[in-house]
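# Structural description and commentary
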Amino acid sequence: MRRTIVIVGGVAGGASCAARLRRLDEAATIIVLERGEYISFANCGLPYFVSGEIASRAKLLVTSPERMRRRFGIDVRVRHEVISIDRSGKTIDVVDHQDGRTYRQAYDTLVLSPGAQPVKPKLPGLDNPRVFCLRTVPDAERIRRFVDQNDPRAAVVVGGGAIGLEMTENLTHLGLRVSLLEMANQVMPWLDREMAEWLHQHLRFQGVELFLNSPLERCDENSDGRLIVRAGGEHEIPCDLVICSIGVKPESGLARAAGLDIGPHGGILANEHFQTSDPDIYAIGDVIEVEDRLTGEPRLMPLANLANRQGRLVADHICGKDIRYPGAFGTGIVRIFDLAAASTGANEKALKAQGLAYEKSYTHPASHAGYYPGAVPMVMKLLFEPDGGRLLGAQIVGIDGVDKRIDVLATALYAGLSVSDLAAIELSYAPQFGTGKDAVNLAGYVSENITDGDVQAIHTEQLDRQLQDGGRLLDVRTEAEFHRGHIDGAVNIPIDDLRSRLDEIPRQQTLLVYCLTGIRSYYACRILRQSGFDALNFSGGYMVYCAAEPSRCKGIPGLRRWKRTLAMETFCSTPEERQILENHSARRRLQEQEDHAVD
Ligand SMILES: Cc1cc2nc3c(=O)[nH]c(=O)nc-3n(C[C@H](O)[C@H](O)[C@H](O)COP(=O)(O)OP(=O)(O)OC[C@H]3O[C@@H](n4cnc5c(N)ncnc54)[C@H](O)[C@@H]3O)c2cc1C
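This text gives an overview of the structure that appears in the document.

What follows covers the packing of aromatic side chains. Following the criterion strictly, the structure yields seven aromatic pairs and no others. Plain terms: the ring middles of Phe274 and Tyr325 are 4.8 Å apart, the flat faces sit at 45° to each other, and that makes the pair tilted. You can see Phe274 sitting in the loop between helix 7 (253-257) and strand 18 (281-283) and its partner Tyr325 sitting in the loop between helix 8 (304-318) and strand 21 (331-336), a full 51 residues away along the chain. Like Phe274, the residue Tyr325 is buried in the burial classification. Centre to centre, the rings of Tyr522 and Tyr523 are 6.1 Å apart; their planes meet at 50°, and the pair counts as tilted.

This model, assessed by the stated rule, comprises 38 salt bridges. Notably, a salt bridge pairs Arg230 with Asp220, separated by 2.9 Å at the nearest N-O pair. Taken together, the positions of Arg230 in strand 14 (residues 227-231) and Asp220 in strand 13 (residues 216-221) put the pair ten residues apart, joining distant regions of the chain. A residue is classified by how much of its surface remains accessible, and Arg230, at 24% relative accessible area, is partly exposed.

So, on to helix 5 (residues 162-173). The end-to-end C-alpha distance of helix 5, which contains twelve residues, comes to 17 Å, matching closely the 16 Å that a straight helix rising 1.5 Å per residue would cover. Buried residues dominate helix 5, accounting for nine of its twelve residues. Three or more residues of helix 5 are buried, namely Gly164, Leu165, Glu166, Met167, Thr168, Glu169, Asn170, Leu171 and Thr172. Trailing helix 5 by a residue or two, Gly175 shows a phi angle of about 95°, which is positive.

What counts and how
- Residues numbered from 1 in each chain as written.
- Predicted model: local features only at pLDDT ≥ 70, side-chain atom pairs only at ≥ 80, totals over all residues.
- Heavy atoms only, no water.
- Phe/Tyr/Trp six-rings, centres within 6.5 Å; stacked < 30°, edge-to-face > 60°.
- Helix = DSSP H or I, 4+ residues; strand = E, 2+ residues; numbered from the N terminus.
- Buried < 20%, exposed > 50% of the residue type's maximum accessible area, 1.4 Å probe, protein only.
- Salt bridge = Lys/Arg side-chain N within 4 Å of Asp/Glu carboxyl O.
- Expected span 1.5 Å × (residues − 1).

Take a look at the structure:
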């Protein structure tokens, strides 16, 4: 007998599942019910559609209901919303929004892939029509239409996660002055605070007004029709539109009402085959809680790659394959103007919260060979087990080459590799693409030095304690670098003078050695330790210190290098530099206009 498989939700997880089902089972009746107008659209492209970087809506539509019917023989019903599940009768009630009729649909197997919904807090004024969320194509069209028709000057983006950052960039590109509100002390929660600081400084440089530690309170409309956003007990920000991107919550209402088990974060609980507490009902995608492969804890991981993978696997299981989903690490990347920020696995905040033992390293490897034009350093943080060095997580911020390095590290994490393995893996090299010691290899070497005991690392948060215990800060950069900025209380002996000036260094004190990035200080530590000193290497150096303690430094010194490399497109610290940049940007805008004219 032909079985009927009904899928709720026709985008990332649902569409993948439907297509895979058909490839495995030519006989089944496969029905996809989608509440919205479109199936299989690219949510991830929506912010770029708002700014026009993705010019046409058609580009966002990966496939159509007609194509799914024609090619796969799948019955796709758009604007059909499932409103209830009768588990004992194995039926669902569906509203056809095209004519308002409600009908009952029988299933043998039901797959829930209804995704997640943007969180819109119940705060005064958030029901204003100029407060937008972004999840669907119509949402993006509404924002784009509003911008086209109203010529707004200023926007407030609430929430500094991936979607908030992408909207900040795209609204800035549209010429709006953007204020970004974030409740936490950092944007991009996947990253640790000191890694996010690079983004903070870059956002500010790009003209974004960044408000950290500033929870949204309300949104009022004043007499001349402008919106006033109030946040953090002190900020009042006038604007013309608000984007609310403070996160998503699983669309688990249907499952909850049907009595299916729901997890601690409000997502549906599913087993390793994606079966819910009712074995004939499966759930995948943003709506489920996924087991974190490192901590074993259930987590919400609203990521497209996971939904797509789960869509395929659930179809496999329905068709009799013995699949077992092992959980996920969570790997993501986001672009913020010129920067890419990426992470995989656990961050330090999560490891601390779980009470897991870890060590960490920071490196600033080049995107490709320094002698070949365009090379630019990135900031890489690895987290690994102190014993054995198994990789636990990685974060990278940079301009170029971030994507390929994070994907190598995600693969290493998947394979359970250690930092010594990272040092050993063979990666491709030609000067345009990498370095003889690739960024990943380098991070492996630096971390392996720690696990092997060749050097003992010290980090910003340990500094005060070490100084209280009598430690002595030694800066081994050049005098010029030292005078441009250093950690309070440091003594400067440049690395090249160190051997000849050892008698100036007290032998009774622990030396806390730093340079700009942690490399020269590592050499210094090796000299010092072999000469009988107790020396600790400040991992990541002054650059990481300034990112971790921005109020104690005048910017992060590494930003200057990025600025040079980008030919003034990014960071400028002086008014003269800014002027040069503005001239440059004006030229670029002119060029872009000319290019469009030619198109
Ligand atoms: C603006 C934006 C940018 C993003 N960028 C990225 C990115 O760069 N990288 C990344 O990995 N992820 C990104 N994501 C997340 C990614 O889109 C999601 O993780 C993924 O789409 C989840 O797939 P899903 O099938 O669970 O849900 P969805 O793709 O959201 O599909 C769920 C569908 O179910 C439908 N539905 C819900 N309830 C019902 C019902 N009762 N009856 C019928 N239909 C129903 C909804 O209308 C919806 O169309 C982004 C998301 C957004 C919104």
